[in-house]
Amino acid sequence: ASLVAGVLFGSVLWIGGPRASLAREVVEHTRQEPQSFAATHADPVIVDRVLRAGGIRLRPGAVDVTYASSCPFRDRVVPHLVVRTEHGPVTVLVLREESLTRPIRVREGEFRGSLVPAGPGSIAIFGDTRSDLSEITARLETAVEWIELPGAGR
């Protein structure tokens, strides 16, 4: 019985470990760019460039992007957006290469959020502890359109 319990416990740690690590890395990335929350308007040309480089586009009018940057994350470059909500700014990382089988809810320090499966990867959505993320998560899940990455297939 103790052998079975040990294998089960090890399996839970092995399965949960990578997802927990991903969530911690998203929170840490968000903490490293506090200036992103202060932005009030993003240049549409820059937003378009960041989205295209990440292999996505947003349905017009779905969200109000106030910050957009292509950021290094786990040896890749990913779109890092901040979108305006009625409860304040929310950080969004589009993680094309990080696939999930189910959503992950996270509460760490001053941040709370979720990582949700989307397209070929996932979307990380984080705000402060006052944020209501359910509405913006639903909007983003339908707003993100996955396109071919620039240079793919060559």
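None of the values given here were measured: they were computed from a predicted structure.

(A) Spotlight on the overall build of the protein chain. When helices and strands are counted, the protein chain shows four helices and eight strands. A burial count over the protein chain gives 43% of its 154 residues as buried. Relative to all contacts within the protein chain whose residues are 6 or more apart in sequence, the contacts with residues 24 or more apart total 51%. Counting every atom, the protein chain has about 8,600 Å² of accessible surface; 56% of that belongs to carbon and sulfur.

(B) Representation of the sheet that holds strand E5 (residues 104-108) within the structure. With antiparallel pairing, six strands are arranged side by side in an open sheet as E2-E3-E4-E7-E6-E5. Strand pairing shows two members of the sheet lacking a second neighbour, strand E2 (64-73) and E5, which therefore form its edges. Geometrically, the sheet is characterised by an average inter-axis angle of 20° between neighbouring strands, direction not taken into account. In this sheet, strand E3 (residues 76-85) lies alongside E2 in antiparallel orientation, the contact comprising nine bridges. Looking at the pairing, Pro72 lines up with Val77 of E3.

(C) Here's a closer look at the packing of aromatic side chains. The final tally for this structure, using the stated rule, is one aromatic pair. Ring plane angle 25° and centroid distance 6.3 Å describe the contact between Phe37 and Phe111, whose orientation is recorded as stacked. Here Phe111 lies in strand E6 (residues 111-118) and Phe37 lies in helix H2 (residues 35-38), a separation of 74 residues in the sequence. A relative accessible area of 24% places Phe37 in the partly exposed class.

(D) The arrangement of the pattern of salt bridges in detail. Per the counting criterion, the structure on display carries nine salt bridges. Notably, a salt bridge pairs Asp64 with Arg84, separated by 2.6 Å at the nearest N-O pair. Note that Asp64 is positioned in strand E2 and Arg84 in strand E3, a separation of 20 residues in sequence. Given a relative accessible area of 39%, Arg84 falls into the partly exposed group. The residue Glu135 makes a salt bridge to Arg139 at a minimum N-O spacing of 2.7 Å. Remark: Arg139 and Glu135 occur in helix H4 (residues 134-143); sequence separation between them is four residues, near one turn of the helix.

(E) Local environment of the environment of Ser69. With respect to the helices and strands, Ser69 occurs in strand E2. Given a relative accessible area of 18%, Ser69 falls into the buried group. The spatial distance from the C-alpha of Ser69 to the C-alpha of Val47 is 7.6 Å, given a sequence separation of 22 residues. Discounting residues that sit within four places of it in the chain, Ser69 has contacts with Val50, Val78, Pro79 and His80.

(F) Structural context of empty space enclosed by the protein. What the rule picks out here adds up to one cavity of 30 Å³ or more. Taken as a whole, the largest cavity encloses approximately 30 Å³ of empty space. Lining the largest cavity, in full, are Phe73, Arg74, Arg76, Val78, Leu95, Arg96, Glu97 and Glu98. Looking at side-chain class alone, the lining of the largest cavity contains three nonpolar, no polar and five charged residues.

(G) How the structure looks around the nonpolar core. Formed by 24 residues in total, the largest nonpolar core has its most connected members in Leu58, Val65, Leu81, Ile125 and Ile136. When residues of this core are traced back to their parent elements, those giving at least two are helix H3 (44-53), strand E1 (56-58), E2, E3, strand E4 (88-95), E6, strand E7 (121-128) and H4. Within the second largest apolar cluster, 15 residues are counted, among which are Ala23, Leu93, Ile104 and Ala124.

Criteria and thresholds
- Residues numbered from 1 in each chain as written.
- Predicted model: local features only at pLDDT ≥ 70, side-chain atom pairs only at ≥ 80, totals over all residues.
- Heavy atoms only, no water.
- Helix = DSSP H or I, 4+ residues; strand = E, 2+ residues; numbered from the N terminus.
- Buried < 20%, exposed > 50% of the residue type's maximum accessible area, 1.4 Å probe, protein only.
- Contact = heavy atoms within 4.5 Å.
- Areas by Shrake-Rupley, 256 points an atom, 1.4 Å probe, with all protein chains shown as cover.
- Pairing = 2+ DSSP bridges.
- Axes fitted to C-alpha atoms, helices over the stretch in contact; angles between N-to-C directions.
- Phe/Tyr/Trp six-rings, centres within 6.5 Å; stacked < 30°, edge-to-face > 60°.
- Salt bridge = Lys/Arg side-chain N within 4 Å of Asp/Glu carboxyl O.
- 1 Å grid on protein atoms, 1.4 Å probe; cavity = no way out; pocket = protein on both sides within 12 Å on 5 of 7 lines; lining within 4 Å.
- Points joined across faces, edges and corners; volume = space filled by probe spheres on them.
- Nonpolar A, V, L, I, M, F, W, Y, C, P; charged D, E, K, R; others polar.
- Core = buried A, V, L, I, M, F, W, Y, C linked by side-chain atoms within 4.5 Å.

What is shown is where atoms sit, not what they do.
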